[in-house]
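Structure assessment
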Amino acid sequence: MDVSLTLWVLTIVGLAALIAVDFFIGRKPHDVSIKEAGIWTVVWIALAGLFGLGLLLFGGGQPAGEFFAGFITEKSLSVDNLFVFVLIMAKFAVPSQYQQRVLLVGVLIALVLRAAFIAAGAAILASFSWVFFLFGAFLIWTAWKLVQEARADEADEEFEENKLLKAAERRFGVADRYHGTKLWIRQNGKRVMTPMLVVMLAIGTTDVLFALDSIPAIFGLTQDPYIVFTANAFALMGLRQLYFLIGGLLKKLVHLSYGLSIILGFIGVKLVLHALHEAGVHAPEISIPVSLGVICAVLIVTTLTSLRASRKQEAAEQAERAAQGGEGAAKDRVGA
């Protein structure tokens, strides 16, 4: 898809305007209700849908299909980020009324860093087609690692700060408590960061680790930097509302890692086949409609099986509690 500089500028200005509106509406610190989170989640998904339809009308079916496949993939992978965001919020004891501000700025930092990743990835792929082999192999390895972690049930229970964050804290110092939404204060005559700024940096920089697999994944669906960027932007900007909407449901998505591993493995195979095709080998290529169908099917099946497994686990726990209660009552009768 041939994208002019004017279209790039208009797209970035449009996204900035949407972000400004979002920030203006939620500028006052408050607890985000399920209703508010649900409305904004629908708004961002609807905006992504309208953008995809615009691509269909003005660019054709191929760009639109690539955008929707990329958006759904990035959205599903970003759900995995929410688990870490919950740990970060707990570690820094972020007051509930400030969490929406933290997520907004943190996601903006993540979007800027991802834009740099996308630009670098596009430049590398344009110059060295063999990089597709590396991206494909990396995604397949990541998929296998996700399966191993899911089977071992080795989910991290505590967030560990990265080296960049620790260096910033040592360099500037951190206040001992939150000061509203202020990012910097003067303490004992020295300008120091507040915990608010630290947690924002934690959200933004931690997302870079997730970008290491999500960026190669979307490049496996499209090599158009414009579509890669916009799909990431729409997926990330709705992440804040999704955090408040499904925060309580995250623990029920017990099969999410398996679903994501299948998606990443599938895209990895697609990348390897594409690399073989580029190298002159007669290898079949997986079309965008097939990719979109596989991704949607995997997410639907994963969600259904997760909810079913969660219900069974809850029923088993209730039965166990009831049995323990019965044993306790019997012992009390014997004692009496």
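Refer to the structure presented above.
Below, the structure is looked at part by part. Here the residue index of a chain counts from 1 through its sequence in written order. Local features in this predicted model are restricted to residues whose pLDDT is 70 or higher, and side-chain atom pairs enter the listing and the counts only when it is 80 or higher, whereas totals over whole chains, interfaces and linings include all residues. Water and hydrogen atoms play no part in the side-chain values, which are based on all heavy atoms of the structure.

Attention now goes to the overall build of the protein chain. Assigned secondary structure in the protein chain consists of 11 helices and 2 strands. Scanning the protein chain from its N terminus toward the C terminus, one meets helices and strands in the order α-α-α-α-α-α-β-β-α-α-α-α-α. For the protein chain, the residues scored as buried account for 44% of the 336 residues in total. Any two residues having at least one pair of non-hydrogen atoms within 4.5 Å are treated as being in contact. Taking the intrachain contacts of the protein chain between residues at least 6 apart in sequence as the baseline, contacts between residues at least 24 apart amount to 79%. Helix numbers and strand numbers start at the N terminus; a helix is a DSSP run of H or I with at least 4 residues, a strand a run of E with at least 2. Think of it in three bands: with a 1.4 Å probe and only protein chains considered, a residue is buried below 20% of the maximum accessible area for its type, exposed above 50%, and partly exposed in between.

What follows covers the environment of Asp224. The topology assignment puts Asp224 in the loop between helix H7 (195-219) and helix H8 (225-237). Pairs of N or O atoms are called polar contacts if they sit within 3.5 Å, as long as, within protein, a hydrogen donor faces a hydrogen acceptor (for residues adjacent in sequence, only side-chain-to-side-chain pairs). From its side chain, Asp224 meets the backbone nitrogen of Tyr226 in a polar contact 3.0 Å long.

Turning next to helix H2 (residues 34-59). Multiplying 1.5 Å by the helix residue count minus one yields the expected span of that helix. Helix length check: H2, at 26 residues, gives a terminal C-alpha distance of 36 Å against a target of 38 Å (1.5 Å per residue), a fit within 8%. Among the residues making up H2, those that are buried are Ala37, Gly38, Trp40, Thr41, Trp44, Ala48, Phe51, Gly52 and Leu55. After H2 finishes, the residue Gly60 shows a positive phi value of roughly 105°.

Next up on the list: the packing of aromatic side chains. We call Phe, Tyr and Trp rings a pair once their centres come within 6.5 Å, taking the six-membered ring for Trp, and we label the pair stacked below 30 degrees between planes, edge-to-face above 60, and tilted otherwise. This structure, assessed with the given rule, holds 9 aromatic pairs. Ring centres of Trp8 and Phe229 lie 5.9 Å apart, and the angle between their planes is 45°; this geometry places the pair in the tilted category. Of the two residues, Trp8 sits in helix H1 (residues 5-25) while Phe229 sits in helix H8, which places them 221 residues apart along the sequence. We classify Phe229 as buried; its relative accessible area is 11%.

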